[in-house]
Amino acid sequence: TTGGRKRTPSCSPEKRSAMQARLDAMNQLSDRFAGLGRGMLNRALPEDPREEATPPAIYQLKITLRHLAPPVWRRVQVPNDITFGQLHDVIQTAMGWYNCHLHEFRVGEARFGMTHDPMGGPLERNDALDENDYQLCGLGLRAKSKFNYEYDFGDDWEHQIVLEKVLPLEPGFAPICVAGSRAGPAEDSGGPWGYAEKLAILAN
């Protein structure tokens with residue numbers, strides 16, 4: 001498991017410079033695809049990753065595990081200043097995962113994930129932005145906005161996340177799962193297709 005992960009509350013000039021270099025590289029890549037995703041990419045990378053772009057609120061998110069029928073889904077409510085790192089913890093708890101594999105968020109062309117291995121040391125060949133430096137409220141999300149979360153790069157569990165609605169923030173609010181359907185798959189069960197095969201075996 002990941003155990004306790006150190007959160008980095010500040011962003012050094014060197015890190016800001018590195019993030020800007022990544023942004024420039026991704027913008028050049030966007031040009032090769034006729035600008036697809038450029039608007040979302042730019043919204044996903046505000047000038048200050050810790051700046052709140054919208055007033056405090058509650059985001060109601062529907063998280064659906066793709067490629068399974070009937071679908072496995074959860075509806076959660078979270079404060080909109082939650083970071084991607086914190087949202088990862090919410091998803092793990094709501095879906096019943098054990099937080100023992102790598103993961104990544106994708107918003108347009110931007111990628112947010114872990115920058116260090118849970119056992120210590122930087123991840124090799126990882127150019128994702130630090131998920132602990134970016135808040136949902138800084139992405140310019142609106143009702144019906146969608147983004148993706150992938151867990152376990154071997155089994156490839158893909159989750160689609162939809163911002164269903166924006167609610168007023170209540171005093172003392174904490175993340176909560178308010179609805180859902182079906183139990184989550186077991187860890188290391190072979191991804192959607194391997195899991196479907198196991199269910200067919202169990203039904204016989």
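In this text the structure is predicted, and so the values were computed from the model without any measurement. (Residues numbered from 1 in each chain as written. Predicted model: local features only at pLDDT ≥ 70, side-chain atom pairs only at ≥ 80, totals over all residues. Heavy atoms only, no water.)

1. Description of the environment of Glu 187
This is how the line gets drawn: Here a helix means four or more residues in a row that DSSP labels H or I, a strand means two or more in a row labelled E, and each is numbered from the N terminus. When a residue's accessible area, from a 1.4 Å probe over protein chains only, is under 20% of the maximum for its type it is buried; when over 50% it is exposed; and in between it is partly exposed. Residues are treated as being in contact if the distance between any of their heavy atoms lies within 4.5 Å. Here a polar contact means two N or O atoms within 3.5 Å. Within protein one must be a hydrogen donor candidate and the other an acceptor candidate, and residues neighboring in sequence count only if both atoms are side-chain atoms.
Counting through the fold element by element, Glu 187 comes out in the loop between β8 (176–181) and α4 (191–203). On the accessibility criterion, Glu 187 (14% relative accessible area) is buried. Put simply, Glu 187 and Trp 97 are 90 residues apart on the chain and 6.7 Å apart in space, counted from C-alpha to C-alpha. When residues no more than four places from it in sequence are discounted, the contact partners of Glu 187 are Trp 97, Tyr 98, Asn 99, Cys 100, His 101 and Tyr 151. A polar contact of 2.7 Å, which involves the side chain of Glu 187, links it to the backbone nitrogen of Tyr 98.

2. With respect to the pairing of strand β4 (residues 110–113)
Put simply, the rule reads: Paired strands, in this sense, are two strands between which DSSP finds at least two bridges.
Pairing of strand β3 (residues 103–107) with β4, which is carried by 4 bridges, proceeds in the antiparallel orientation. When the bridges of β4 are listed, Phe 105 appears paired with Phe 112. Between the antiparallel neighbours β3 and β4 lie 2 residues, among them Gly 108 with a positive phi of about 60 degrees. In this structure, β4 lies alongside strand β5 (residues 129–130), joined through 2 bridges in parallel fashion. Counted as the bridge partner of Gly 113 is Asp 130 from β5.

3. Observations concerning the pairing of strand β2 (residues 72–79)
Within β2, 8 of the 8 residues are buried, which leaves it mostly tucked inside the rest of the structure. Residues Val 72, Arg 74, Val 76 and Val 78 line one face of β2 and the alternating positions Trp 73, Arg 75, Gln 77 and Pro 79 line the opposite face, and both faces are buried. As judged from the 8 bridges shared by strand β1 (residues 57–65) and β2, these two strands associate in the antiparallel manner. Bridging across to β2, Leu 61 finds its partner in Val 76. Counting the residues that bridge the hairpin from β1 to β2 gives 6 residues, and of these His 67 lies at a positive phi of roughly 70 degrees.

4. Remarks on helix α3 (residues 84–95)
An α-helical segment advances 3.6 residues per turn. Residues three or four places apart therefore align on the same side. Cut-off, in case you're wondering: Here a helix's expected span is defined as the number of its residues, less one, multiplied by 1.5 Å.
Between the first and last C-alpha of α3 there are 16 Å, a value that for 12 residues agrees with the 16 Å anticipated at 1.5 Å per step. The buried count for α3 comes to 9 of 12 residues, which makes it a mostly enclosed element. A positive backbone phi angle near 90 degrees is found at Gly 96, which sits one or two residues after α3.

5. Let's talk about the packing of aromatic side chains
Centre-to-centre distance and the angle between the planes together describe a pair of aromatic rings. Keep this limit in mind: A pair of aromatic rings is counted whenever rings of Phe, Tyr or Trp (Trp by its six-membered ring) have centres within 6.5 Å, and the orientation is called stacked for planes under 30 degrees apart, edge-to-face for over 60 and tilted otherwise.
For the structure on display, the rule yields 8 aromatic pairs. With 4.9 Å between their ring centres and 50 degrees between their planes, Phe 84 and Phe 105 make a pair best called tilted. In this pair, Phe 84 sits in helix α3 while Phe 105 sits in strand β3, placing the two residues 21 residues apart along the sequence. Judged on exposure class, the residue Phe 84 and its partner Phe 105 are both buried.

6. A look at the pattern of salt bridges
To keep things clear, this is the line we draw: Every case where a carboxyl oxygen of Asp or Glu lies within 4 Å of a side-chain nitrogen of Lys or Arg is listed as a salt bridge.
According to the stated counting rule, one finds 5 salt bridges in the structure shown. By sharing partners, the salt bridges in this structure join Glu 104, Arg 111 and Asp 127 into a single network.

7. Re the environment of Trp 73
Its place among the elements puts Trp 73 in strand β2. For Trp 73, a relative accessible area of 17% translates into the label buried. Here the alpha-carbon distance between Trp 73 and Ala 183, two residues 110 residues apart in the chain, equals 8.8 Å.

8. As for the confidence of the model for the protein
Rules: Per-residue confidence from the predictor is given as pLDDT, running between 0 and 100.
When pLDDT is averaged along the protein, the result is 81; 71% of the residues meet or exceed 70. Confidence over residues 1–11 falls short of pLDDT 50; this stretch has 24 contacts with residues more than four positions distant or in other chains. Scored below 50 in pLDDT, residues 29–47 makes 32 contacts in the model with residues more than four places away or belonging to other chains.

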